[in-house]
Amino acid sequence: MNENPITTLLDLRTASQRIDQLMEHEESRRLVALIDPPALFCLVKEVGIHQASDLVQRTTPDQLQTFLDLDCWNTDQLAWEPLMDWLAIVLEGDDLWLHDVLKEIDLEILALFLLHHVEIHHTRAEETAERLDRLEGGWELTPDGVYLLVLPKEKRAADLVHRLIDRIYCIDQELARHLLEVVRFELPSVMMETAYQIRNSRLEQYGFPPVEEAMAIYAPVNPSDLRRSWEQTVLTEEAPKLPLRLDRPFELPLPVSRGLIQLAVEGDSEWGRTLAQLIQADPSLRLPTKVLCQLVNLVNQAIMADHHGPKGPEEMAPTLTRVHGFLNVGLQYLTRRESTRSPSFLSTLPLKSIFQVGYNLVRSLQKQAQKLVARGNLSLVDQIETSLCSDHESELIGGLLQQIPIPASDQEEGFQTLDQIEEAAAVLTTLAYKELWTVDFQKLDRSSLVNLLVPSSLVPIDQVTFDSLLATRAALRVLDERSPWRLIDLEELRTIQRDHIGAHSLSETLFDSLVAAARPPTGESHPASFKLSGQWAQAVAEELIDQYGRLTESAIHQPRFLPPLLLFGTPHTTGTT
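Keep in mind that what you see is a predicted model, and the values were worked out from it rather than measured.

Colleague: Report on the overall build of the protein chain, specifying residues and quantitative values.
Modeller: Summing up its helical and strand segments, the protein chain has 28 helices and 7 strands in all. When each of the 577 residues of the protein chain is scored for burial, the buried share is 53%. The long-range fraction of contacts in the protein chain, counting pairs at least 24 apart against all pairs at least 6 apart in sequence, stands at 72%. Carbon and sulfur atoms provide 49% of the accessible area of the protein chain, an area that totals close to 27,500 Å².

Written as structure tokens, this is what we have:
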């Protein structure tokens, strides 16, 4: 049990195998007591608390209290179902162990459980006899006949209350009476607040900081300023050494260990490869141990910041993935993708700082997306924020607007590489240009677009996109270069499709029209604008080929089956603006 963290990290035994080995040892109880409580909790949760009940009944009161602290709170309120699961297992333990547990764990937790599920009355009270006649549910007397308990209607809760009171009376009658008096007279709100504060104080020693402190990992920083500053120190011989000291034995929780194995040894990421290099290059394991200890603290901070309380292994997995992503993005950015620099940065800078660089790069994308949506030019439909965007653009905006930004709204995994950041930035930049083109260059605000489309358009308004507008503007230029904004009628659509859109290419006339239509007005040009407009024209050209290149003659006469890229209406209903 005195394994160093790297040995623990590389232990690929399953949780069941580790538990079996502990239970079969002749000094099982002593060995279990040596395990760090959060690490033991993860081990128990991985196999399931009912499957690990024998192990739970060998824990110390401190370990069991940590289990309750980690698993039985929902923000600042006790979570009754998980608490009942743990109490059911605890009550199956032997008298000696249960007595030790009852003397050490928070009495407020047991009192709050009883207060939530049972009414308690003293039998000497004058109103008790009258109350019995009015009771609709079940009731019973305590073994000493001093208290009357009105049991909950739910059978599981009633059985658990009965067993809890009966066991405590059998083990320590004085403790039982004290507990029931607490339930009778203490204010539940005061008890809950006291229990919550004490619980948070205990968790701090295991690296779970207060929520306010944990939120500091999401503090705003300027990545480019930090990179310039750190390049002047990290890459020099006078680089400051990692300040963190290890003040106590350290063991990685099992799910974190396995996640690190996958990311550091098997994963193809800059962060993972660099961590593996540090592990392999330092036989003393001094530096890797410090890095890993920081990592666990960083994950704990993220859990507290995201969930306002510790979570089990299943909830930890996405947090670890997110932390890995921000670390990887931050490291790639700081090193300018020069892998030879990565060990210097990782072994010198606090992981929290690298994490913050990665997060703030993602956060900058989120801010851009929020500004685009706030201007109100991305949609023609009230219920949809991005109806004018392509599916890919809408998915990106939806993902970036999440509390913790992700690459797309239908994904769970966050940003993992700098390439993803740059690709998303390029999409947002192009989308901003499309908005500028529509509103400023073409003078098409939301009102004018709605007037153009309703009631003449055969294209549903929620299927109109910026790409549709460019394709239609280019087609109108082919039909009549001086044509105002209007819908294309079906005969004109047939002409465009027949003469200018082939199965594999557009006519030179239509492609040139797309390029010209996408460009900013004369006098407002900029090299970046020409690049953006050219890329947009090319993308719309490919979409026109894909959607219209193989249409049959008869399809043109069935408007409801036509793709919506071009804005068309029935003959003689082409409005103007």
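Colleague: Let's hear about the pattern of salt bridges: which residues, and what values?
Modeller: Applying the stated criterion across every chain yields a total of 24 salt bridges. Taking the shortest distance from any N to any O, the salt bridge between Arg375 and Glu435 comes out at 2.7 Å. Taken as a pair, Arg375 in the loop between α21 (351-374) and α22 (391-400) and Glu435 in helix α23 (residues 418-441) lie far apart in primary sequence, 60 residues in all. Judged by relative accessible area, Arg375 falls into the partly exposed class, the value being 46%. Assessed through its relative accessible area of 5%, Glu435 is described here as buried. Measuring nitrogen to oxygen at the nearest pair gives 2.4 Å for the salt bridge that ties Arg446 to Asp382. Here Asp382 lies in the loop between α21 and α22 and Arg446 lies in helix α24 (residues 446-453), a separation of 64 residues in the sequence. A relative accessible area of 66% places Asp382 in the exposed class. Taken together, the salt bridges that share partners define one network made up of Glu231, Arg336, Glu338 and Arg341.

Colleague: Which residues make up the side chain of Thr335, and what values do they have?
Modeller: Along the chain, the position of Thr335 falls in the loop between α19 (313-334) and α20 (342-348). Take Thr335: its relative accessible area is 1%, and that puts it in the buried class. From its side chain, Thr335 meets the backbone oxygen of Leu331 in a polar contact 2.8 Å long. Ignoring sequence-local partners within four residues, the contact set of Thr335 consists of Arg341, Ser342 and Phe345.

Analysis parameters
Residues numbered from 1 in each chain as written. Predicted model: local features only at pLDDT ≥ 70, side-chain atom pairs only at ≥ 80, totals over all residues. Heavy atoms only, no water. Helix = DSSP H or I, 4+ residues; strand = E, 2+ residues; numbered from the N terminus. Buried < 20%, exposed > 50% of the residue type's maximum accessible area, 1.4 Å probe, protein only. Contact = heavy atoms within 4.5 Å. Areas by Shrake-Rupley, 256 points an atom, 1.4 Å probe, with all protein chains shown as cover. Salt bridge = Lys/Arg side-chain N within 4 Å of Asp/Glu carboxyl O. Polar contact = N/O pair within 3.5 Å; in protein donor to acceptor, adjacent residues only side chain to side chain.

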